[in-house]
Amino acid sequence: MFKLIFKQFKAKSSTPDLNDVVNFDKPLKDDKICEHRLNTCHKEDLQRIPGLKSPSTWRCYKLRNHPGIVVIRNPFTERGLRYWISRCLRDYPRPPNIVNLNERLFDETVRSDWWKELQRCQSKEDFQRTKVAMRWTTFGYHHDWDTKHYDDRMQSPFPEDLSRLCRLFASILGYEEFKPEAAIVNYYPVGSSLSGHVDYSEPNQSAPLFSFSFGQTAIFLIGGKSLEETPTALLLQSGDVLIMSGESRLCYHAVPRILKDHKTLNSALPKDEDDSGGDSLDMDLFEQVGNLHFWQPFSDYIADSRININVRQVLKPGQLLLN
Ligand SMILES: O=C(O)CCC(=O)C(=O)O
Ligand SMILES: [Fe+2]
């Protein structure tokens with residue numbers, strides 16, 4: 001069932017039927033979801049992470065048929081969204097982090113600073129080819145796509161800003177001990193997809209997995225422990241935070257389609273957002289994204305792409321090394 005539904009959503013010839021797709025902006029119309037109360041008495045921690053809306057305004061949902069799945073509908077401010085998008089494009093795909101760019105197709109300058117080199121492309125063709133070639137970057141423990149194993153010798157530092165962000169969401173959901181140790185940033189040009197899989201590479205499979213969506217909207221399929229089970233389709237929009245915890249941590253999931261429907265805000269930032277200081281982000285970048293000239297290339301990129309940050313804990317509690 002999973003593969004069939006994946007194929008239907010992926011089919012380029014058809015506009016997907018969104019009637020059966022859960023839309024968290026229309027929660028009352030949908031009996032597949034229910035509202036979930038969050039424990040947001042962490043105001044002090046929150047004040048130290050700029051770029052998030054006040055937690056009392058967050059809307060959070062669970063899925064009736066998929067215990068363990070939690071979705072927080074865009075808790076970010078507009079400046080916050082811009083910050084994380086530019087981190088994913090400008091900074092994260094750089095050494096010592098690993099990127100997918102093939103050494104036979106791209107020289108060292110592009111592979112070590114893709115975003116900078118993308119802005120320097122001379123022709124439209126070269127720009128487009130370079131833009132869509134970036135599909136993932138890994139950091140913390142690097143995910144090995146072939147062996148599906150992590151290795152103590154294959155690590156790069158986990159960025160402090162993303163670590164803090166994940167630990168904050170984890171603590172609000174009651175996972176005080178969560179340690180962000182491995183991340184994959186997935187880049188999805190419109191037209192790309194990610195087929196059904198289970199994330200079982202981590203020795204620690206009981207810690208939740210945190211997934212952040214930015215830019216264009218994804219149709220996300222969440223299934224069961226076998227491909228026989230019928231998946232539920234969700235719309236994941238810019239800023240949405242999806243948590244796979246408990247039973248759902250080892251369930252099949254996929255991204256069959258990216259919808260080009262998100263209008264990127266390319267205007268001055270709203271004035272009413274309280275995005276005052278802190279030391280947990282790169283505050284120069286946080287300032288800069290408010291400048292339209294600075295923000296323009298990032299805005300152009302996400303006009304037809306989606307970005308997903310996928311964060312996992314690798315080690316079991318108390319475990320210090322893998323091998
Ligand atoms: O892009 C997404 O929402 C999911 C990505 C994913 O499942 C993965 O990286 O394992
Ligand atoms: Fe996954």
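Just so it is clear, the structure is predicted and the values come from calculations on it, not from any experiment. (Residues numbered from 1 in each chain as written. Chains lettered and ligands numbered in written order. Predicted model: local features only at pLDDT ≥ 70, side-chain atom pairs only at ≥ 80, totals over all residues. Heavy atoms only, no water.)

Topic: the state of the cysteines
Formally: Cysteine sulfur atoms that come within 2.5 Å of each other are treated as a disulfide pair. Buried means the residue's accessible area, taken with a 1.4 Å probe over protein chains only, is under 20% of the maximum for its type, while exposed means over 50%, and partly exposed covers the values in between.
Tallying each qualifying case throughout the model produces zero disulfides. Here Cys-34 is not cross-linked by a disulfide; its sulfur's nearest cysteine counterpart is in Cys-60, at 9.8 Å. The exposure class of Cys-34 is partly exposed, given its relative accessible area of 25%.

Regarding the UniProt feature "binding site: Fe cation" (unreviewed entry) in the protein
Basically, it comes down to this: UniProt positions are given in the numbering used here, feature names are shortened, and annotations may be inferred rather than shown by experiment. Secondary structure is summarised from DSSP: a helix means a run of H or I of at least four residues, a strand means a run of E of at least two, and numbering begins at the N terminus for each. The criterion used for residue contact is that any of the two residues' heavy atoms lie within 4.5 Å. Distance and chemistry together define a polar contact, namely a pair of N or O atoms within 3.5 Å, with one atom able to donate a hydrogen and the other to accept it when in protein, and with adjacent residues in sequence counting only for side-chain atoms on both sides.
Annotation from UniProt places "binding site: Fe cation" (unreviewed entry) at His-197, Asp-199 and His-253. A maximum C-alpha distance of 9.0 Å among these annotated residues, which run over 57 residues, shows that they cluster at one spot. For Asp-199, the location among the structural elements is in the loop between strand E8 (194–197) and strand E9 (209–215). Setting aside residues no more than four positions away along its own chain, Asp-199 makes contact with Leu-209, Arg-249, Leu-250, His-253 and Arg-312. Of the polar contacts made by the side chain of Asp-199, one reaches the side chain of His-197; its length is 3.4 Å.

Describing the coordination of the iron ion (ligand 2)
Formally: Metal coordination here is assigned from N, O and S atoms located within 2.8 Å of the ion, or within 3.2 Å for Na, K and Ca; omission of water means that sites may look incomplete.
The coordination sphere of the iron ion (ligand 2) contains the protein donors His-197 (NE2), Asp-199 (OD) and His-253 (NE2), at a distance range of 2.1 Å. Between the donor residues of the iron ion (ligand 2), the gaps in sequence give the motif H-x1-D-x53-H. Taken together, the positions of His-197 in strand E8 and His-253 in strand E13 (residues 253–259) put the pair 56 residues apart, joining distant regions of the chain.

Remarks on the side chain of Arg-257
As a reminder, the rule being used: Here the positive residues are Lys and Arg and the negative ones are Asp and Glu; neither His nor the chain ends is included. The rule for a salt bridge is simple: a side-chain nitrogen of Lys or Arg has to be within 4 Å of a carboxyl oxygen of Asp or Glu.
Note that Arg-257 resides in strand E13. Buried charged residue Arg-257 carries no salt bridge. Nearest counter-charge: Asp-261, at 11 Å.

Observations concerning the pattern of salt bridges
Under the counting rule described, the total for this entry stands at 18 salt bridges. For Glu-117, the salt bridge identified is with Arg-120, shortest N-O distance 3.8 Å. Salt-bridge contacts for Arg-167 lead to Glu-160; the nearest nitrogen and oxygen are separated by 3.3 Å. Given a relative accessible area of 46%, Glu-160 falls into the partly exposed group. Linked by salt bridges that have partners in common, Arg-87, Arg-90, Asp-91, Asp-161 and Asp-282 make up one network.

Some points on the packing of helix H3 (residues 78–91) against helix H7 (residues 160–172)
Here is the rule we go by: Note on geometry: axes are C-alpha line fits, over the in-contact stretch for helices, and angles between N-to-C directions span 0 to 180 degrees. Roughly parallel refers to an angle under 35 degrees, roughly antiparallel to one over 145, roughly perpendicular to one between 65 and 115, and oblique to any angle outside these ranges. Handedness of a crossing follows from how the near helix is turned relative to the far one, being left-handed for an anticlockwise turn of less than a right angle and right-handed for a clockwise one. Polarity classes work like this: nonpolar for Ala, Val, Leu, Ile, Met, Phe, Trp, Tyr, Cys and Pro, charged for Asp, Glu, Lys and Arg, and polar for all others, with Gly in that last group.
Where H3 contacts H7, the two axes come as close as 12 Å, and the packing angle between them is 130°. Relative to H7, the element H3 lies oblique. Relative to H7, H3 is oriented so that their crossing is left-handed. Facing Tyr-83, Trp-84 and Arg-87 of H3, the residues of H7 in contact are Asp-161, Leu-162 and Leu-165. Its residues assigned to classes, the contact of H3 with H7 comprises four nonpolar, no polar and two charged.

Concerning the pairing of strand E12 (residues 241–244)
Convention followed: Strands are labelled as partners when DSSP assigns at least two bridges between them.
The alternating pattern of E12 places Val-241 and Ile-243 and Leu-242 and Met-244 on opposite faces, both of which are buried. Strand direction decides the pairing type here: strand E3 (residues 69–73) and E12, joined by four bridges, are antiparallel. If you follow Ile-69 over to E12, its bridge partner there is Met-244. Examined bridge by bridge, E9 and E12 share four bridges and lie antiparallel to one another.

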